[in-house]
Amino acid sequence: MIHIDRYAYRSKLKKTDPMQKLFFAVLTLGMCLWADSNVISAAVLVLMGGITVFRGGTSLYFLMKLLAIPMSFLLVGVLTVAVKISEDPGIMLVSLPMAGVWVGISQQGLRDAGRLFLKALGSVTCLYYLSLSTPLVDMLSAFKRIGVPKLMVEMMGLVYRFIFVLFETAETIFNSQNSRLGYASLNSGYRSLGGLASTLFIRAYRRSDELYTALEARGYDGELNVLEEPYQRHWAGYFAPLAVNIILIVITLFLRQYEGGRLG
Amino acid sequence: MSTKKQLFWGLLFMALLMPQAVSAMHIMEGFLPPVWCVSWGILSLPFVILGLFSISKTMRSNPRLKILLAMAGAYTFVLSALKLPSVTGSCSHPTGVGLGAILFGPTAMTVLGLIVLLFQAILLAHGGITTLGANTFSMAVVGPLVAFATYKLVKKAGRPQWMAVFLAAALGDLLTYVVTSVQLAFAFPAETGGFAASLVKFMGVFAVTQIPLAISEGILTVMVFNAIAAYGKDELKDLRVSFEGGLNHAR
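The shown structure was predicted, so the numbers you read here are calculated from the model rather than taken from an experiment.

Draft legend 1. Main features of the overall build of chain A. Assigned secondary structure in chain A consists of 10 helices and three strands. Listing every helix and strand of chain A by position from the N terminus yields α-α-α-α-α-β-β-β-α-α-α-α-α. The proportion of buried residues among the 264 residues of chain A is 48%. Put simply, 69% of the contacts in chain A that link residues at least 6 apart link residues at least 24 apart. As displayed, chain A has an accessible area near 13,300 Å², and 63% of this comes from carbon and sulfur atoms.

Structure follows, in structure tokens:
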């Protein structure tokens, strides 16, 4: 059900220190947002996508499929940004009169929308680099080292482990309902989904009860301790991301000066 | 009709009729400028801290709750990944905000919502890390608070249980997307008309399209709630005792 997780465990970058990957992803992400330039966004897209595919060993096809997930939000959002309301139809490329004003898309709006589109794609690739190379359990250990409250990290760990149990239950119920035409019409669809959600809740509740009893019988004192796998750590792991980002920042500044000079 | 107009109508219908356009309405990664990422994050922080303290307090008196709460988080996550049959034919995902707020109380829901949103970003590629603050504010702070307040108010007014649950879930869902529109309008104010003009645009796209889905979610939540009340009486009673601000307050 959750494919990203499976890919993360199979990634060739899995053994790398999660702190390094988190550092790289978040730094590049922040840089991409800050730069807000077409060239940099495209560079980040290629760079992070390339690392994920060539260093991490994720298939390009799967990465493309992932990039299509936020596409509906992205297209709608970007179009909304592009649409402008103005009293002057002259600045618009396409427009329509509506209650005395013109609603349409201007050249500037289109340019803004395009930049936003690329920027969002670039940033989302940073996120994919992280989630396709780092299983959540590793990420949690990195969170702990950063200083996220212990209770929060523990809750996340527990939630993560329960998700799979509940997913399996939900899937089984869904399949049996579906094979009995439970989702054939809208009405029966609602009834089935209502049944699924409520049964799932009651099951989840009982399961957590049983789990606690089982844990307590084995000496649970409010903490679940698990061993961490050893990671490959090397200072160069921090150096390379830093260098890449410094180069990108320099390019951004150069581009800005160039564009600023041209405009002024 | 001029070509310009034809093109405009074409684009408009494309945007409106795109299937699935209404699903997964978290603000995606990289969509917000850095200033707003940080601002919304800081704005949600006090609520998260409040929630964490409230959880740790309840946990000290009843350690069993930690496991239960984690299970509730996982439940919300799984629920949000289910497909909701919708009148318009496109499918959407229930937010589970209303149900969670009624069952576990708004403070606990803030922490659970944050975890669920983070997991959705990492595991399902819905939402993002930089937009986590903004999404937390709309989905884990405002949504649950509105749902919970509605539930309490309607119950206090002496209306039947189903109506309270329905309105809580539907309004909680709808307000979540109104806040999302406000966040987007703040981030992308229109050149002419500024914030207000931009808000109208985003509301039209993100909140109005959400109305049928909010109603769907309301209906579903009533069905789920009734079924839980019928088959899970003991569990509900336990919940009422254990969660401060949850059902016990609502009764």
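There is more to say after this.
Draft legend 2. Structural view of the packing of aromatic side chains. Within the structure shown, the criterion is met by 19 aromatic pairs over all chains. Here the aromatic rings of Phe-201 of chain A and Tyr-75 of chain B are separated by 5.5 Å at their centres, their planes lie at 70°, and the arrangement is edge-to-face. Of this pair, Phe-201 of chain A sits in helix H9 (residues 186–217) while Tyr-75 of chain B is found in helix H3 (residues 64–81), placing the two residues in two different chains. Each member of the pair, Phe-201 of chain A as well as Tyr-75 of chain B, carries the same accessibility label: buried. By the ring-pair criterion, three or more aromatic residues cluster together here, those being Trp-36, Trp-40, Phe-47, Phe-137, Phe-186 and Phe-195 of chain B.

Draft legend 3. Structural context of the packing of helix H5 (residues 71–82) of chain A against helix H6 (residues 107–133) of chain A. All names here are of chain A. It is the contact of H5 with H6, at a shortest axis distance of 8 Å, that shows an interaxial angle of 155°. As judged from the angle between their axes, H5 and H6 are roughly antiparallel. Crossing of H5 against H6: the hand is right-handed. Along the contact surface, H5 presents Met-71, Leu-74, Leu-75, Val-78, Val-81 and Ala-82, while H6 presents Gly-109, Ala-113, Leu-116, Phe-117, Ala-120 and Leu-121.

Draft legend 4. Spotlight on the confidence of the model for chain A. Averaged over all residues, the pLDDT of chain A equals 85, while 92% of them reach at least 70. No element of chain A has a lower mean pLDDT than strand S2 (residues 92–98) of chain A, at 67, and none a higher one than helix H3 (residues 38–55) of chain A, at 91.

Draft legend 5. Molecular detail of H9 of chain A. The end-to-end C-alpha distance of H9 of chain A, which contains 32 residues, comes to 46 Å, matching closely the 46 Å that a straight helix rising 1.5 Å per residue would cover. One or two steps after H9 of chain A, the chain reaches Gly-219 of chain A, where phi turns positive at roughly 85°.

Draft legend 6. Summary view of the packing of helix H7 (residues 136–146) of chain A against helix H5 (residues 106–123) of chain B. Close contact between H7 of chain A and H5 of chain B brings their axes to 12 Å; oriented N to C, the two are set at 130°. One element, H7 of chain A, and the other, H5 of chain B, form an angle in the oblique class. As for how H7 of chain A packs across H5 of chain B, the hand of that crossing is right-handed. Counted together, Leu-136, Met-139 and Phe-143 of chain A of H7 of chain A and Leu-118, Phe-119, Ile-122 and Leu-123 of chain B of H5 of chain B form the full contact between these two elements. Class assignment for the residues of the contact of H7 of chain A with H5 of chain B results in seven nonpolar, no polar and no charged.

Draft legend 7. Inspection of the confidence of the model for chain B at higher detail. All names here are of chain B. Put simply, chain B has an average pLDDT of 80, and 83% of its residues get 70 or more. In this model residues 19–23 is a low-confidence stretch, pLDDT under 50, and it forms 14 contacts with partners more than four residues away in sequence or in other chains. Scored below 50 in pLDDT, residues 245–251 makes 24 contacts in the model with residues more than four places away or belonging to other chains.

Draft legend 8. Just the environment of Met-163 of chain B, in detail. Within the secondary structure, Met-163 of chain B is located in helix H7 (residues 161–187). Taking the relative accessible area as the measure of exposure, Met-163 of chain B reaches 28% and is therefore partly exposed.

Draft legend 9. Focus on the state of the cysteines. The full count for this structure, using the stated rule, is zero disulfides over all chains. With no disulfide partner, Cys-32 of chain A has as its closest neighbouring cysteine sulfur the one in Cys-126 of chain A, 5.8 Å distant.

Draft legend 10. Expanded view of the nonpolar core. Phe-201 of chain A together with Phe-31, Tyr-75, Phe-77 and Phe-119 of chain B are the most contacted members of the largest nonpolar core, which totals 144 residues. Per-element tally for this core: the top contributor is helix H8 (residues 150–179) of chain A, with 14 residues. Built from parts of two domains, this core gets at least three residues from each of domain 1 (3–136 + 235–263) and domain 2 (149–217) of chain A. Those residues in contact with Phe-77 of chain B that sit more than four places away from it in its chain are Ile-2, Ile-163 and Phe-167 of chain A together with Val-116, Phe-119, Gln-120, Leu-123 and Leu-124 of chain B.

Draft legend 11. Just the interface of chain A and chain B, in detail. With 85 residues of chain A at the interface, the matching set in chain B holds 84 residues. When chain A packs against chain B, close to 7,600 Å² is buried across both sides, 82% of that on carbon and sulfur atoms. On inspection of chain A and its partner chain B, the count reaches two salt bridges. Ionic pairing is found between Arg-64 of chain B and Asp-209 of chain A, a salt bridge with its closest N-O pair at 3.0 Å. Here chain A and chain B share five residue pairs in polar contact (both at pLDDT 80 or more) between them. In terms of residues, the side of chain A that touches chain B owes the most to one element, H9 of chain A, which gives 23 residues.

Draft legend 12. Geometry of the pattern of salt bridges. Residue and element names in this part refer to chain A. Applying the stated criterion to the full structure yields six salt bridges over all chains. The salt bridge partner of Asp-17 is Arg-145, with a shortest N-O separation of 3.2 Å. One end of the pair, Asp-17, is in the loop between helix H1 (3–10) and helix H2 (18–35); the other, Arg-145, is in helix H7, with 128 residues separating them in the sequence. With relative accessibility at 1%, the residue Asp-17 sits in the buried group. Across the pair Asp-36 and Lys-119 runs a salt bridge, and its minimum N-O distance is 3.7 Å. Highlighted residues: Asp-36 in the loop between H2 and H3 and Lys-119 in helix H6, separated in sequence by 83 residues.

Draft legend 13. Broad picture of the side chain of Ser-188 of chain A. All names here are of chain A. Among the secondary structure elements, Ser-188 is positioned in helix H9. For Ser-188, a relative accessible area of 13% puts it in the buried group. Those residues within four positions of Ser-188 in sequence are excluded, and the remaining contacts are Leu-181, Gly-182 and Tyr-183.

What counts as what
Residues numbered from 1 in each chain as written. Chains lettered and ligands numbered in written order. Predicted model: local features only at pLDDT ≥ 70, side-chain atom pairs only at ≥ 80, totals over all residues. Heavy atoms only, no water. Helix = DSSP H or I, 4+ residues; strand = E, 2+ residues; numbered from the N terminus. Buried < 20%, exposed > 50% of the residue type's maximum accessible area, 1.4 Å probe, protein only. Contact = heavy atoms within 4.5 Å. Areas by Shrake-Rupley, 256 points an atom, 1.4 Å probe, with all protein chains shown as cover. Phe/Tyr/Trp six-rings, centres within 6.5 Å; stacked < 30°, edge-to-face > 60°. Axes fitted to C-alpha atoms, helices over the stretch in contact; angles between N-to-C directions. Parallel < 35°, antiparallel > 145°, perpendicular 65-115°, else oblique. Left-handed = near helix turned anticlockwise from the far one by under 90°. pLDDT = per-residue confidence, 0-100. Expected span 1.5 Å × (residues − 1). Nonpolar A, V, L, I, M, F, W, Y, C, P; charged D, E, K, R; others polar. Disulfide = S-S within 2.5 Å. Core = buried A, V, L, I, M, F, W, Y, C linked by side-chain atoms within 4.5 Å. Domains from an automatic or database assignment. Buried area = accessible area lost by both parts, 1.4 Å probe. Salt bridge = Lys/Arg side-chain N within 4 Å of Asp/Glu carboxyl O. Polar contact = N/O pair within 3.5 Å; in protein donor to acceptor, adjacent residues only side chain to side chain.

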